[in-house]
Number of protein chains: 2
Amino acid sequence: MFSFKVIKHHSHSRARLGVLTTPHGEIETPAFMPVGTQATVKALSPEELKACNSQIILGNTYHLYLRPGHETIRKLGGLHRFMNWDRPILTDSGGFQVFSLGDLAKVSEEGVVFKSHLDGSTHNFTPEKSMEIQQALGADIAMTFDEPTPYPASREKTQQSLDLTARWAKRCRAAFQSESQTLFGIVQGGMYKDLRTQSAEQIVNIGFEGYAIGGLSVGEEKDLLFEMTEHTAALLPENRPRYLMGVGTPWDILRSAGLGVDLQDCVMPTRNARNGSLFTHEGKINIRNAQFKDDGLPLDPDCNCYVCQNYSRAYLSHLSRADEIFGLRLNSIHNVAFYQQWMEKIRNAIRNDEPFDFPEER
Amino acid sequence: MFSFKVIKHHSHSRARLGVLTTPHGEIETPAFMPVGTQATVKALSPEELKACNSQIILGNTYHLYLRPGHETIRKLGGLHRFMNWDRPILTDSGGFQVFSLGDLAKVSEEGVVFKSHLDGSTHNFTPEKSMEIQQALGADIAMTFDEPTPYPASREKTQQSLDLTARWAKRCRAAFQSESQTLFGIVQGGMYKDLRTQSAEQIVNIGFEGYAIGGLSVGEEKDLLFEMTEHTAALLPENRPRYLMGVGTPWDILRSAGLGVDLQDCVMPTRNARNGSLFTHEGKINIRNAQFKDDGLPLDPDCNCYVCQNYSRAYLSHLSRADEIFGLRLNSIHNVAFYQQWMEKIRNAIRNDEPFDFPEER
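The rules we used
- Residues numbered from 1 in each chain as written.
- Chains lettered and ligands numbered in written order.
- Predicted model: local features only at pLDDT ≥ 70, side-chain atom pairs only at ≥ 80, totals over all residues.
- Helix = DSSP H or I, 4+ residues; strand = E, 2+ residues; numbered from the N terminus.
- Buried ≥ 20, exposed ≤ 12 C-beta atoms within 10 Å, placed from the backbone.
- Contact = placed C-beta atoms within 7 Å.
- Domains from an automatic or database assignment.
- Nonpolar A, V, L, I, M, F, W, Y, C, P; charged D, E, K, R; others polar.
- Pairing = 2+ DSSP bridges.
- Axes fitted to C-alpha atoms, helices over the stretch in contact; angles between N-to-C directions.
- Core = buried A, V, L, I, M, F, W, Y, C linked by C-beta atoms within 7 Å.
- Least-squares fit on C-alpha atoms with pLDDT ≥ 70 in both.
- Parallel < 35°, antiparallel > 145°, perpendicular 65-115°, else oblique.
- Left-handed = near helix turned anticlockwise from the far one by under 90°.

So, about the overall build of chain A. Secondary structure assignment for chain A yields 14 helices and 17 strands. Principal axes of the C-alpha set define a box for chain A whose edges measure 60 × 50 × 40 Å. Looking at chain A as a whole, 54% of its 362 residues are labelled buried. Excluding contacts between residues fewer than 6 apart, the proportion of contacts in chain A whose partners are at least 24 apart in sequence is 67%.

See the structure below:
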């Protein structure tokens, strides 16, 4: 039910074209996953996501566990049926979110005790619990429960963190029993190449169907991020998909695809959209700027999405100024479509073995 | 380009089945118009409105005049093109909204000087100005600029108001020059039958392509509202469409259709939807109620809309509790679909000359 095949290597970079087969269909890689935190990719319908050529989406274990609850979703037939999405889903482990709670989370060898951001109630995530929740949700791809190494972190802290991540990964591997789902491991190791090497060896030795490069949401320090991505991707098995978690702009995605990354996710296209920040082939714009008030042109004349085919910049500008829900929708459709068209161009360049010919970041 | 034909009379009531022909297509009446205040029916796409069988929508002159401005919309090709809606549109005159501003509006024979609710800037609506704005917007049906009689109002005030409304209606008639748009007059007269008669005579004598019954948004005093509607509808020409403005629940709409009303509008389906208040064949429910948290049934098993075909009450409940935009969309789709299915049942009952067999109001 689950397999990954590399179809073609890019001679201009380390990028590869692949096909990831899951119980809910095939994903052509490199692929971008829109984020559906609370069983919905914010503002978008499943039909709109498909029209934008989204092949797989991500769900957040922490949020779904708290509301509506994984047992509720299990009873209702799983996350696919609950949210009416019949293509593949990947769920994260909840680790990133609970560690983001800061003082509200306490880590031990056993797992993490944390307080809900919704009502302050106390909960306990362990590797076993994360597996149980993700099996109830029923996503095609589940992730191991790890400790994302903070940035910056000392060498000592990073070593402790990757060792804990490895012990937890073993417990996840042992606890995860599913015929219709698969499990990806996560490599940590912070900003130390030799520790990345150590973590990659530990995680690969346990053995997973795919490998994620974790702990790299470091904001503006892009060069460091890609140095670690390059180093880590090269350590991962050739015949397994590689997933760079939570990164980033279209240019970040292009760059990491060129380093041999197959899967990516980011809230950027939808979150930016809700703030009026839109990606176009001429650069990023904010649709609320006065210059667009009377502009009858499509948002991005080079885009073939529903928004650019049917609406003007002036209309989008109006909806945004008037705080209309339909504006959030249209902006989100366009940004996701832009990302997916971008992925299609990346895949076509690999397929035709052409250099990545993309506009400069603006 | 504009005509109205009564196809069939209902022997069980004064309802009639009709066809209103406009430059943007035919409307089978009795018809319900969803309200698209700011060039969007809140949360819904044109495609969704069509899938719900919405034949015509309403736009608000006051709001569009203030933002983005009628001249902007004219330059961009008119309201239809601006909002990507190719079926008929009716615009109100702006009168209802400016009079709703209370102390921010000052009335004279000439018109109304008012302050914008957006930025406090001063503006001036006259009958001529309202016609100019509505012609710039380019809706199929424009409305005369009237003074909606407040409720309650003395006989003296009501008389003054209907006389002013008639003088303004004459000025509207004179100022309105369009080959692609038509103009409806509005009858006032408050809660006095003889004054309704007087107003109807005045307005019908001026001569319009259709007639609205105004000033009847009186909240809970339903019997009075329908007494006035019944009285006024009977005074209006048989061969012209009759429009009851801003009323109400599905049962209100059924009742007024039975009194010979052909067109209705109300914000209720979309506004209620955004508060989680949903219409079903088993009565009105609030989807946020705890009982729906684990309920795997469709919202309304007797409804054939997109929402009821694809999602559970539990999912709608979750989206609503999580304040997700997609929940506002799904709730709005269902409520508008419910209204339009309701209208279809009304029209079918007239077509087949069967009694109105509808569930009791709950």
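Text resumes after the structure shown.
How large an interface is tends to be reported as the accessible area lost when its parts come together. Residues and elements named next belong to chain A. Parsing chain A into structural domains produces domain 1 (3–266) and domain 2 (273–333). Domain 1 and domain 2 are separated by 31 Å when their C-alpha centres are compared. Counting residues at the interface gives seven residues for domain 1 and eight residues for domain 2. Tallied by class, residues from the side of domain 1 that touches domain 2 come to five nonpolar, no polar and two charged.

Our focus in this paragraph is the sheet that holds strand E2 (residues 16–22) of chain B. Strands belonging to one sheet form pairs held by backbone hydrogen bonds; the direction of such a pair is parallel or antiparallel. Residues and elements named next belong to chain B. On the basis of which strands lie adjacent, the open sheet formed by three strands has the order E1-E2-E3 and antiparallel pairing. Among the strands making up the open sheet, the edge pair consists of strand E1 (3–9) and strand E3 (25–29). For this sheet, the mean inter-axis angle between neighbouring strands, taken without regard to orientation, is 15 degrees. Inspection of the sheet shows E2 paired to E3 by five bridges, in the antiparallel sense. By the bridge assignment for E3, Thr-22 is matched with Gly-25.

On to the environment of Ile346(A). Residue and element names in this part refer to chain A. Assignment of secondary structure puts Ile-346 in helix H14 (residues 325–351). For the pair Ile-346 and Glu-109, spaced 237 residues apart in the sequence, the C-alpha separation amounts to 42 Å. Excluding residues within four positions of it along the chain, Ile-346 makes contact with Pro-30, Leu-254, Ala-257 and Phe-356.

Looking now at the nonpolar core. Of all hydrophobic cores here, the largest spans 211 residues; its most connected members are Ala212(A) and Ala212(B). The residues contacting Ala212(A), other than those within four sequence positions of it, are Met143(A), Phe184(A), Ile186(A), Val187(A), Tyr243(A) and Met245(A).

So, about the interface of chain A and chain B. Each side of the interface is counted separately: chain A has 31 residues, and chain B has 31 residues. Elements supplying a minimum of two residues to the side of chain A that touches chain B: helix H3 (70–75), helix H4 (79–83), helix H13 (313–321) and H14 of chain A. Its residues assigned to classes, the side of chain A that touches chain B shows 15 nonpolar, nine polar and seven charged.

Bringing the sheet that holds strand E14 (residues 263–266) of chain B into the picture now. Residue and element names in this part refer to chain B. Overall, parallel pairing links the eight strands, which are arranged E4-E5-E6-E10-E11-E12-E13-E14 in a closed barrel. The sheet shows a mean angle of 30 degrees between the axes of neighbouring strands, direction not considered. Pairing of strand E10 (residues 141–143) with strand E11 (residues 182–187) involves three bridges; the strand directions are parallel. Counted as the bridge partner of Ile-141 is Thr-182 from E11. Of the strands in this sheet, E11 and strand E12 (210–213) are in contact with helix H8 (residues 193–206), which crosses E11 at around 160 degrees.

Here the focus is the relation of the copies chain A and chain B. Each of the two chain copies can be brought onto the other by rotation about an axis and movement along it. Mapping chain A onto chain B calls for a rotation angle of 180 degrees and an axial translation of 0.0 Å; the resulting RMSD is 0.0 Å. The symmetry that links the two subunits is that of a two-fold axis. Across chain A, the rotation axis passes nearest the C-alpha of Ile325(A), at a separation of 3.7 Å. A shared interface surface links the copies, since 100% of the contact residues of chain A are contact residues in chain B too.

What follows is about the packing of H8(B) against helix H9 (residues 222–233) of chain B. All names here are of chain B. Contact pair H8 / H9: the axes reach a minimum separation of 10 Å and the direction vectors enclose 40 degrees. On the basis of the axis angle, H8 is oblique to H9. Seen along the crossing, H8 lies across H9 with a hand that is right-handed. Residues Lys-193, Arg-196 and Ala-200 of H8 form the contact with H9, whose own contacting residues are Met-228, His-231 and Thr-232.

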